[in-house]
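# Close look at the chain arrangement
Listed below are the residues making up each chain.
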Amino acid sequence: MDNSRLSIAVVGSGYVGLVAAACFAEIGHQVTCIDNDDAKVATLQAGGVPIHEDYLPRLLAKHRNHQIQFTTDLGSAAREAQLIFVAVGTPQGKTGNADLSYVDAVASEIARSIRQYTVIVEKSTVPVYTNEWIRRVIARNGVAAELFDVASNPEFLREGTAVVDFLHADRIVVGADSEQALALLRKVYEPLTSGEYYKAADAVRGPRSATSPTPILETSTKAAELIKHASNAFLAMKISFINAVANICEAVGADIEQVAQGMGSDSRIGPRFLNAGIGYGGSCFPKDVAAFRYVAEQVGLDFNLLGEVEKINLDQRVRFFQKIRSALWTFRGKRIGVLGLAFKGGTDDIRESPALEIIQLLMHEGCRIAAYDPAAMERTAEVIPADDNMQYVHDPYEAARDADALLILTDWEEFRDLDLGRLHDMLRYPIIIDGRNIYDPARMAKHGYTYLSVGRPATIHPRETLSELKIS
Ligand code: UDX
Ligand code: UDX
């Protein structure tokens, strides 16, 4: 085997594990993906791709059966691997803590299989000290200290752009407390850090290149664990901050887009993650903010700032719901069109999606919903089954048909290019309430809409009156 090619096992074939595995194969390694979900492994073996993620089908098709295999057998995969990346779920526990029971179970099973020096790498987002627990579990199962190390290599990929984020990262963080582990981790990422990968004619393109390769940051294991939690908490704080400012904008009649642009032009603040809306969702920010707060509590510190971040985020959904009420007055029997179910555009993931909570609130009030999402309808139907009050439709215009109002709840790119004239004709009343600020209010006014968004002055159709629509 080529000396630069490492034998890697990735445990957990979810949004993070599967992308990481496909990308490790793409940069030349031999990868085995392990998952305890038989159906998921069967799908992957048969050539299916269980999640919606750009570039993932292409990478899996390219490497399946030569550089990447799928199995449920953790024991044999762990025996062969030089590095085992753990990317199983770390859901939120009852008190806000991260539930690490999957990581614990996987660590015990790995311990039973280790025969040669192996680095166990945390890829899941985990609280600081998890590496020490994994080390203890493995040692407790009788593995000699010189046969293994535990390292932390957090993943910063965003769903929807995960492959490009992985192969063209702002930085790779590797946290290891031994030179031997660090050397292996450096080798894993060498094609990206040396720039070699970007020279390939069929490399996935992105911001990095052979002359501007991905930087690697080497830290202690604990620092790496903290970098991940602190980064996610900081980004969530940025979103809640801008949402709070958006609410002030609404109260005083200013435009949050102008304010965010002015703030973001300061290089110390930066323009990204300053989009106001219905708040953050997804499998990471909500659980990681809670888990990081819990970590602080465990070491005797009040990180109340994070509690406020959570509160603003949840209030944002309720405010949006009130905004819908202010436009519709009563709910019972109203037909509402919904564009977007996923927690953000570009993914089929609905975990902690603000869209679902808003839909459930509306249904509880007696609304009938017609929803469209380019990728997340199947998953949503498992949570909110189709019935007389919940209809899944096949295009955005169908969602608008005869609706009393149309809501935009996810920032899918394709929603930005809708034919606004056609949409107008489909709606019973030309009212759009946009939770993601994807349209220009002036353009909406020209098309004759009543258009409400977040942190921007409302556009009111001449037939409506301002007072009725005033947001309380
Ligand atoms: C991951 C990380 O685990 C989480 O900490 C991080 O914050 C976000 O990314 P994600 O990839 O989104 O989570 O989770 P999911 O899509 O649920 O995938 C986890 C996979 O692990 C599933 O396919 C599940 O079947 C598998 N799994 C779980 C195992 O193989 N073994 C287990 O014991 C538990
Ligand atoms: C996040 C982190 O960005 C990533 O680094 C980490 O590895 C996993 O968690 P992800 O959850 O995939 O990634 O999505 P992200 O793009 O960060 O968006 C999270 C949520 O915040 C979404 O609901 C999104 O709509 C919302 N968001 C994001 C805003 O409301 N405003 C913004 O400006 C940015």
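Next up on the list: the domain arrangement of the protein. The domain architecture assigned to the protein consists of domain 1 (7-219) and domain 2 (220-472). A straight line from the C-alpha centre of domain 1 to that of domain 2 covers 32 Å. At the interface, 36 residues of domain 1 touch 31 residues of domain 2. Carbon and sulfur atoms supply 55% of the area that domain 1 and domain 2 bury against each other, a total of about 2600 Å² over both sides. Among the residues domain 1 hides against domain 2, the three largest losses belong to Thr 125, Val 128 and Glu 159. Together they make up 23% of the total.

It is worth spelling out the site of ligand 2 at this point. Within the structure, ligand 2 sits among 18 residues, and Phe 156, Glu 159, Lys 228, Lys 344 and Arg 436 are positioned closest to it. The separation between an oxygen atom of ligand 2 and a polar main-chain atom of Leu 274 is 3.4 Å. Within the backbone of Gly 281, a nitrogen or oxygen atom sits 3.0 Å from an oxygen atom of ligand 2. For ligand 2, the accessible surface in isolation is 670 Å², of which the surrounding protein chains cover 92%. Element by element, the count of residues in the shell around ligand 2 is highest for helix α9 (residues 221-252), at 3 residues. Counting contributing residues, the shell around ligand 2 receives three or more from each of domain 1 (7-219) and domain 2 (220-472).

The subject of this paragraph is the packing of helix α1 (residues 17-26) against helix α3 (residues 56-63). Direction vectors running N to C along α1 and α3 enclose 50°, while the axes themselves pass 9 Å from each other. Between α1 and α3, the interaxial angle falls into the category oblique. Note that α1 runs across α3; the crossing there is left-handed. The residues of α3 that touch α1, namely those facing Leu 18, Val 19, Ala 22, Cys 23, Ala 25 and Glu 26, are Leu 56, Leu 59, Leu 60, Lys 62 and His 63.

Where helix α6 (residues 130-140) is concerned, the buried positions are Thr 130, Asn 131, Ile 134, Val 137 and Ile 138. All buried residues of α6 lie within an arc of 125° about the axis, which places them on one face of the element. Looking at the buried residues of α6, the elements they touch are α5 (101-111), β5 (118-122), β6 (148-152) and α9. Trailing α6 by a residue or two, Gly 142 shows a phi angle of about 90°, which is positive.

Mapped onto the elements, Thr 347 comes out in the loop between β9 (335-339) and α13 (354-364). Residue classification places Thr 347 among the buried residues on the basis of a relative accessible area of 0%. Separated by 186 residues in sequence, Thr 347 and Thr 161 place their C-alpha atoms 8.7 Å apart. If near-sequence neighbours (up to four positions away) are discounted, Thr 347 is found in contact with Tyr 15, His 52, Glu 159, Gly 160, Ala 342, Ala 375 and Trp 412. Among the polar contacts made by the side chain of Thr 347, one reaches the side chain of Glu 159 at a distance of 3.3 Å.

A few words on the packing of aromatic side chains. Evaluation of the coordinates by the stated rule reveals 11 aromatic pairs. A centroid spacing of 6.3 Å and a plane angle of 40° characterise the contact between Phe 166 and Tyr 189, whose relative ring orientation is tilted. Of the two residues, Phe 166 sits in helix α7 (residues 162-167) while Tyr 189 sits in helix α8 (residues 179-193), which places them 23 residues apart along the sequence. Overall, Phe 166 belongs to the buried group, its relative accessible area being 3%. Tyr 189 sits in the buried class, given a relative accessible area of 2%. Here the aromatic residues Phe 24, Phe 85, Phe 166 and Tyr 189 are joined through ring pairs into a cluster of three or more. A cation over an aromatic ring shows up here: Arg 171 above the ring of Phe 156, its NZ or CZ 3.6 Å from the ring centre. Against the face of Tyr 397 rests Arg 422, its NZ or CZ located 3.8 Å from the ring centre.

Conventions we followed
Residues numbered from 1 in each chain as written. Chains lettered and ligands numbered in written order. Predicted model: local features only at pLDDT ≥ 70, side-chain atom pairs only at ≥ 80, totals over all residues. Heavy atoms only, no water. Domains from an automatic or database assignment. Contact = heavy atoms within 4.5 Å. Buried area = accessible area lost by both parts, 1.4 Å probe. Near = heavy atom within 4 Å. Polar contact = N/O pair within 3.5 Å; in protein donor to acceptor, adjacent residues only side chain to side chain. Areas by Shrake-Rupley, 256 points an atom, 1.4 Å probe, with all protein chains shown as cover. Helix = DSSP H or I, 4+ residues; strand = E, 2+ residues; numbered from the N terminus. Axes fitted to C-alpha atoms, helices over the stretch in contact; angles between N-to-C directions. Parallel < 35°, antiparallel > 145°, perpendicular 65-115°, else oblique. Left-handed = near helix turned anticlockwise from the far one by under 90°. Buried < 20%, exposed > 50% of the residue type's maximum accessible area, 1.4 Å probe, protein only. Arc of directions from axis to C-beta. Phe/Tyr/Trp six-rings, centres within 6.5 Å; stacked < 30°, edge-to-face > 60°. Lys NZ or Arg CZ within 6 Å of the ring centre and 35° of its normal.

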